[in-house]
Amino acid sequence: MKFLTTVAAATLLTASVASANDLGSTGITWNVDTDAVWNFDAEALSITTTPGLGYEFSGVNFTLETNLDIYSNEEFALGDTFDNLTFDIGASYALGSGMSVGIDTKIDDEFEFTGTEAIFSFIF
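Residues numbered from 1 in each chain as written. Predicted model: local features only at pLDDT ≥ 70, side-chain atom pairs only at ≥ 80, totals over all residues. Heavy atoms only, no water.

A.B. asks: Which residues make up a nonpolar patch on the surface, and what values go with them?
C.D. replies: Taken together, the side chains of L23, I28, W30, V32, L53, Y55, F57, F62, L64 and I89 present a nonpolar region at the surface, about 840 Å² in accessible area. Counting only elements with at least two residues in the nonpolar patch, the list comes to β2 (28-39), β3 (44-57) and β4 (60-66). Within the secondary structure, I89 is located in strand β7 (residues 86-96). (Patch = residues over 30% accessible without salt bridge, like charges linked within 9 Å, V, L, I, M, F, W, Y side chains within 5 Å. Areas by Shrake-Rupley, 256 points an atom, 1.4 Å probe, with all protein chains shown as cover. Salt bridge = Lys/Arg side-chain N within 4 Å of Asp/Glu carboxyl O. Helix = DSSP H or I, 4+ residues; strand = E, 2+ residues; numbered from the N terminus.)

See the structure below:
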């Protein structure tokens, strides 16, 4: 019963569809994605929300996001999330017909770089 109640609550929290919203004609967008994941092996639910900002300039899409843990390991974790924030900063450029190239880096709460990735993606 506890499992069904938890899954129902997670479903209600994640009922909205993830999409970017424009802030007028400024080129700035904002979005909030929420994921609820049930791990069958660990029999645990985790809920994470990811607020983000975006800005497009001359075909380059700049992004800033962070993950906020709401529920993890059978307890609410939102209060502890703000103690160790990590920001994900990225830039990508669309090459056309579903292909893009970009760079992504993470910055911790002490403003130290914790990882950088070069990304090439394509969609069929």
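A.B. asks: Account for the pattern of salt bridges, with residues named and values stated.
C.D. replies: Here the structure, examined in full by the defined rule, presents 2 salt bridges. With its nearest N and O atoms 3.9 Å apart, the salt bridge here joins K106 to D88. Separated by 18 residues along the polypeptide, K106 in strand β8 (residues 99-108) and D88 in strand β7 bring together distant segments of the chain. Put simply, K106 and D104 hold a salt bridge, and the shortest N to O gap is 4.0 Å. Judged by relative accessible area, K106 falls into the partly exposed class, the value being 33%. In the salt-bridge network here, residues are joined through shared partners; they are D88, D104 and K106. (Buried < 20%, exposed > 50% of the residue type's maximum accessible area, 1.4 Å probe, protein only.)

Treat this as a map of the structure, not an account of what it does.
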